[in-house]
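Examining the three-dimensional arrangement
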Amino acid sequence: HCGHKFMKKFMKNWYYPKVLCVCSANQLRSPTMAWMVSNPPYSCDTRSCGTDCDSYYGGIAITDTAVLWSDIILCADRGHLFNVDQRIIKIVGASSGVYPKSHLPLIICLDIPDEYNYRDSKLVSLIRLQLNRGPFKQFIRCVKKRCVV
């Protein structure tokens, strides 16, 4: 028994969870997270974005559409978690109850500081450590085993 309400959605057929990876500029941490999560052993459908993107760096900025697309949102740090929380509150408030709360994404903060380069071996190790414990690991395990809620 996995205990997560999203699992009903994954029961009928094999499903690749949609994971949105969020950092500041969508240059280092979130693309690295997306690369890792899209490959085995996780094999998720991934996108990455940033909360503070500008035209200088050219990163992809977070959008309401991306948030609504996702099943899981991986935030690099607590600042991104706050940003995503505020965006979801805005989405739910604007929908006037049209968007069911049971379909909101699971949000996970990995607590990864902004001090690594893209695919840096230390960054990869830290992401792997964070992914292999807690709710993300449980969620992926449930999807693979097709747990019943």
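Refer to the preceding data block for the structure.
Residues numbered from 1 in each chain as written. Predicted model: local features only at pLDDT ≥ 70, side-chain atom pairs only at ≥ 80, totals over all residues. Heavy atoms only, no water.

Our next topic: unusual backbone geometry. Note the cis peptide between Pro-40 and Pro-41, where omega equals 15°. As for its placement among the helices and strands, Pro-41 is situated in the loop between helix H1 (29-38) and strand S2 (45-50). The phi angle at Asn-26 is positive, at roughly 55°, despite the residue not being glycine. Looking at the secondary structure, you find Asn-26 in the loop between strand S1 (18-23) and H1. (Helix = DSSP H or I, 4+ residues; strand = E, 2+ residues; numbered from the N terminus.)

Among the structural elements, Lys-18 can be located in strand S1. A sequence separation of 19 residues divides Lys-18 from Val-37, and the C-alpha atoms of the two residues are 10.0 Å apart. With residues near it in sequence (within four places) discarded, Lys-18 still touches Asp-45, Trp-69, Ser-70, Asp-71 and Ile-72. (Contact = heavy atoms within 4.5 Å.)

A few words now on helix H4 (residues 121-131). Burial in H4 covers these residues: Leu-123, Val-124, Ile-127, Gln-130 and Leu-131. In a view along the axis of H4, the buried residues occupy a sector of 130°, so they form one face of it. The outward face of H4, more than 90 degrees from its buried face, is lined by the exposed residues Ser-121 and Lys-122. The distance from a side-chain oxygen at the start of H4 to the backbone nitrogen of Lys-122 is 2.7 Å, and the residue carrying that oxygen is Asp-120. (Buried < 20%, exposed > 50% of the residue type's maximum accessible area, 1.4 Å probe, protein only. Arc of directions from axis to C-beta. Polar contact = N/O pair within 3.5 Å; in protein donor to acceptor, adjacent residues only side chain to side chain.)

Here the focus is the sheet that holds strand S4 (residues 106-109). With parallel pairing, 4 strands are arranged side by side in an open sheet as S2-S1-S3-S4. A single partner strand is all that each edge strand has here, and the edge strands are S2 and S4. Averaged over all neighbouring strand pairs, the angle between strand axes comes to 20°, with direction disregarded. (Pairing = 2+ DSSP bridges. Axes fitted to C-alpha atoms, helices over the stretch in contact; angles between N-to-C directions.)

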